[in-house]
Structures are given as structure tokens and as C-alpha cells.
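Chain residues, written in single-letter form:
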Amino acid sequence: MPQAQIAQAVQLLDLMLEHFADDDHWTRGRYDDGNGGHCLVGALLHLSRKHRLPRAPAIALLQDAMPRPGLPLVHFNDTCCASVAELRSVILKARRLADDHAEQERAEAAVKAWLLAQIGKKRARPDADIPKLAPHQPFAPERLAA
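Residues numbered from 1 in each chain as written. Predicted model: local features only at pLDDT ≥ 70, side-chain atom pairs only at ≥ 80, totals over all residues. Heavy atoms only, no water.

## Brief notes about unusual backbone geometry
- Of note, the phi angle at Arg52 is positive, near 55°, even though the residue is not glycine.
- Mapping Arg52 onto the fold places it in the loop between α2 (40-51) and α3 (56-65). (Helix = DSSP H or I, 4+ residues; strand = E, 2+ residues; numbered from the N terminus.)

## Here we look at the nonpolar core
- With 33 residues, the main nonpolar core has Met16, Leu40, Leu62, Leu87 and Ile91 as its most contacted residues.
- Broken down by element, the residue count for this core peaks at eight residues, all from helix α1 (residues 3-19).
- Apart from the residues lying within four places of it in its own chain, the contact partners of Ile91 are Leu13, Met16, Leu17, Phe20, Leu40 and Leu62. (Core = buried A, V, L, I, M, F, W, Y, C linked by side-chain atoms within 4.5 Å. Buried < 20%, exposed > 50% of the residue type's maximum accessible area, 1.4 Å probe, protein only. Contact = heavy atoms within 4.5 Å.)

## Considering the confidence of the model for the protein chain
- For the protein chain, the average pLDDT comes to 87, and 86% of its residues sit at 70 or higher.
- Of all the helices and strands in the protein chain, helix α5 (residues 84-124) carries the lowest mean pLDDT, 86, while α2 carries the highest, 97. (pLDDT = per-residue confidence, 0-100.)

## Looking at the pattern of salt bridges
- Applying the stated criterion to the full structure yields three salt bridges.
- Where Arg88 meets Asp23, a salt bridge forms, and the shortest distance between an N and an O atom there is 3.1 Å. Of this pair, Arg88 sits in helix α5 while Asp23 sits in the loop between α1 and α2, and the two are 65 residues apart along the sequence.
- Classification of Arg88 by relative accessible area gives partly exposed; the value is 22%.
- Across the pair Asp99 and Arg95 runs a salt bridge whose closest N-O atoms are separated by 3.3 Å. Of this pair, Asp99 and Arg95 both sit in helix α5, four residues apart, which is roughly one turn of that helix.
- Overall, the relative accessible area of 38% leaves Asp99 in the partly exposed class. (Salt bridge = Lys/Arg side-chain N within 4 Å of Asp/Glu carboxyl O.)

## Overview of α5
- The terminal C-alpha atoms of α5 lie 60 Å apart, and with 41 residues this matches the ideal 60 Å at 1.5 Å per residue to within 8%.
- Inspection of α5 places Val84, Leu87, Val90, Ile91, Ala94, Ala98 and Ala102 among the buried residues, and these make up the whole buried set.
- On its buried face, α5 is in contact with α1, α2, α3 and α4 (73-80). (Expected span 1.5 Å × (residues − 1).)

## What about the side chain of Thr27?
- For Thr27, the position within the fold is in the loop between α1 and α2.
- Once residues within four sequence positions are removed from consideration, Thr27 is found in contact with Asp33, Gly37, His38, Cys39 and Asn77.

Right, dumping it as C-alpha cells:
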């Protein structure tokens, strides 16, 4: 996931944490309860629209943060999640995963820069193993004693 997408996902996850700081802002069984309450997916959709942030990166991170692999977000919210505190813990885990992704990307960029620098140094250095031939001398391999 590119750095810009990670930053936007973190921003959206932070907005979700703010939204769910008030326990009354969590609902089950519907995206929006009409009184400011949202389920996990409803809050994600609402906040991404309101703040013009892409939702796909945040959804991917939330999916990775689920207590069981492949557990749909709606199913988690409506049947598996015991409290708003558990909901916030999943959002916090997704945020930590975003930080891990960002750190991994920085490390990969550093390794790539180092490798390119090593290649550049090697190309800039004349090889001592290649003999210099005068332009008028034909290449004649040395004869080996038999």
C-alpha cells in the first residue's frame, strides 16, 4: 500500500476512533440509527464521504485487524463484537497495522536506495581485471603450455 494511501487510511481510522469515543455513537443491525449512531461500516462510509477520504485502504486494514481471518466487518459489528471498547480495539489494531505498513515501506525504500547506490558505485569504478588493449593491437589469447 503506497505511503499516501496509508496516511489517508490512518486519518480515517483516527476519525472513526473519535466518532466511537462516545459509546452512544455505536449501533448494530443498521448502518445509521438516525441519531448519530453508526455501525463500524456505517461510520467508515459516513466519515469517508464527509472528509473525502478513500475507504478501501481503511477497509483492508480493518479486515486484517479482525479477530478471525475473513470475518466480514458487518458480521463482526452485528454479532461478534461485545462492546464499543472491543470495536475501538479493532480500529486501534488496524491503525497499528497501518503504522507497520508505513515502516515496512520506508525500510523497502531505504534498501532500494542503498542497492541502487551500490550498483552506481560498481558501474563508476573501472574494472582492474579487464586488460587495456591499444586500438591497433588485435586481441591474441595467450597460449597455454600443453
